[in-house]
Amino acid sequence: MKLIQTFAVSSAALFAAAPAFAGGLSAPVIEPVVTPVIVAPVIVSSDWTGAYVGAQLGYADYTLSFDGGDDDDDDDELSVDGYNIGVYGGYLYDLGSVVLGAELGYTRVTLEADDDLVDEDVDIDVLALSGRVGYDAGAFLPYLKLGYFDASDADDDDADSLTGFLYGLGVDYALSDNFLVGAEYVRHDVQDVGDEDLPDGLDATIDTFSIRATYQF
């Protein structure tokens, strides 16, 4: 009888301890360690140094202004517009924040017939040499331009040439290391006609606004 009681008590104790043993034999649960992902900031850098060639297309305007004199406070102005197409080449040198360069360009300006100034289309060939100074803004290069030009009537070999200074501004955007697109405004301020200075009281300007596509080596 005592043996039976002892067996019963032992069985009950084993039954009660079973969950504890079972828990002790199960694999421990390990919480995954979440590692934070640190995204490095994107640093836009560029080097504009190199030779380049390109082509441009855009709007052109030729304006003559006459001084009205002492008795007339208003100037008389004649203007004719058209379009321009051209090619150019040059070299840029990136100093860090400042970009310096020089450019040689040829532009054909076509002035469309206008009763006020010309009675038929006129083609003007413009050859220009200019310097550039710009700011390295990563993928963008805003710049100023200053130079000298010589323009002549493409259809009349005997016509006097127009010479003077040019100035303007523009911006280039780097699509890749080699391909650039941009826009540029240039004013050609005529100083001389042939070998003669422009007459007093007369101002002549050629304005061009162009879209440019450039390949940089």
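Residues numbered from 1 in each chain as written. Predicted model: local features only at pLDDT ≥ 70, side-chain atom pairs only at ≥ 80, totals over all residues. Heavy atoms only, no water.

Each helix and strand in the protein chain was counted, giving one helix and nine strands. When burial is assessed residue by residue, the protein chain has 32% of its 217 residues classed as buried. A sequence separation of at least 24 residues applies to 60% of the contacts in the protein chain between residues at least 6 apart. Carbon and sulfur atoms provide 61% of the accessible area of the protein chain, an area that totals close to 14,000 Å². (Helix = DSSP H or I, 4+ residues; strand = E, 2+ residues; numbered from the N terminus. Buried < 20%, exposed > 50% of the residue type's maximum accessible area, 1.4 Å probe, protein only. Contact = heavy atoms within 4.5 Å. Areas by Shrake-Rupley, 256 points an atom, 1.4 Å probe, with all protein chains shown as cover.)

Glancing now at the pattern of salt bridges. Overall, the coordinates contain nine salt bridges when judged by the stated rule. With its nearest N and O atoms 3.7 Å apart, the salt bridge here joins Asp123 to Arg108. Placement of Asp123 in strand S4 (residues 122-135) and of Arg108 in strand S3 (residues 98-111) is noted, with a sequence separation of 15 residues between them. Take Asp123: its relative accessible area is 17%, and that puts it in the buried class. The shortest N-O distance in the salt bridge between Glu184 and Lys145 comes to 2.9 Å. Taken as a pair, Glu184 in strand S7 (residues 179-193) and Lys145 in strand S5 (residues 140-153) lie far apart in primary sequence, 39 residues in all. According to the relative accessible area criterion, Glu184 is buried, its value standing at 5%. One network of salt bridges, with partners in common, ties together Glu103, Arg132, Lys145, Asp172, Glu184 and Arg212. (Salt bridge = Lys/Arg side-chain N within 4 Å of Asp/Glu carboxyl O.)

Before going further, it helps to spend a moment on the packing of aromatic side chains. Enumeration over the complete set of coordinates arrives at five aromatic pairs. When the ring of Tyr148 is compared with that of Phe165, the centres are 6.3 Å apart and the planes differ by 75°; the resulting orientation is edge-to-face. One end of the pair, Tyr148, is in strand S5; the other, Phe165, is in strand S6 (residues 162-174), with 17 residues separating them in the sequence. On the basis of relative accessible area, Tyr148 is assigned to the partly exposed category, the value being 43%. Where Phe179 meets Tyr215, the ring centres are 5.2 Å apart and the plane angle is 70°; that geometry is what we call edge-to-face. With a gap of 36 residues between them, Phe179 in strand S7 and Tyr215 in strand S9 (residues 202-216) connect regions that are remote in the sequence. When its relative accessible area of 47% is taken as the criterion, Phe179 is described as partly exposed. Judged by its relative accessible area of 32%, Tyr215 is partly exposed. Counting every residue linked through ring pairs, the aromatic cluster contains Phe179, Tyr215 and Phe217. When the ring centre of Tyr143 is taken as reference, the NZ or CZ atom of Arg132 above it lies at 3.8 Å. (Phe/Tyr/Trp six-rings, centres within 6.5 Å; stacked < 30°, edge-to-face > 60°. Lys NZ or Arg CZ within 6 Å of the ring centre and 35° of its normal.)

Relative to S3, strand S2 (residues 76-94) runs antiparallel, the two being bridged by 13 bridges. The partner of Ile85 across the bridge, within S3, is Arg108. Between S2 and S3, which pair antiparallel in sequence order, lie three residues; one of them, Gly96, sits at a positive phi of approximately 125°. When S3 meets S4, the two strands line up antiparallel, connected through 14 bridges. (Pairing = 2+ DSSP bridges.)

A separate point is the nonpolar core. Tyr62, Val109, Leu111, Ile124 and Phe149 are the most contacted members of the largest nonpolar core, which has 20 residues in total. Taken together, the elements giving at least two residues each to this core come down to strand S1 (50-66), S3, S4, S5, S6, S7 and S9. No other element matches the four residues that S4 contributes to this core. Among residues more than four places away in sequence, those in contact with Leu111 are Tyr62, Val80, Asp81, Gly82, Glu120, Asp121, Val122 and Ile124. If you look at the next biggest cluster of nonpolar residues, it comprises seven residues, including Tyr88, Leu92, Val99 and Leu141. (Core = buried A, V, L, I, M, F, W, Y, C linked by side-chain atoms within 4.5 Å.)

Looking now at the environment of Gly138. Structurally, the position occupied by Gly138 is in the loop between S4 and S5. On a C-alpha basis, the gap between Gly138 and Trp48 in space is 9.3 Å, while along the polypeptide they are 90 residues apart.

Of note is the side chain of Glu184, whose polar atom sits 2.9 Å from the side chain of Lys145. When residues no more than four places from it in sequence are discounted, the contact partners of Glu184 are Gln56, Tyr143, Lys145, Leu169, Gly170, Thr208, Phe209, Ser210 and Arg212. (Polar contact = N/O pair within 3.5 Å; in protein donor to acceptor, adjacent residues only side chain to side chain.)

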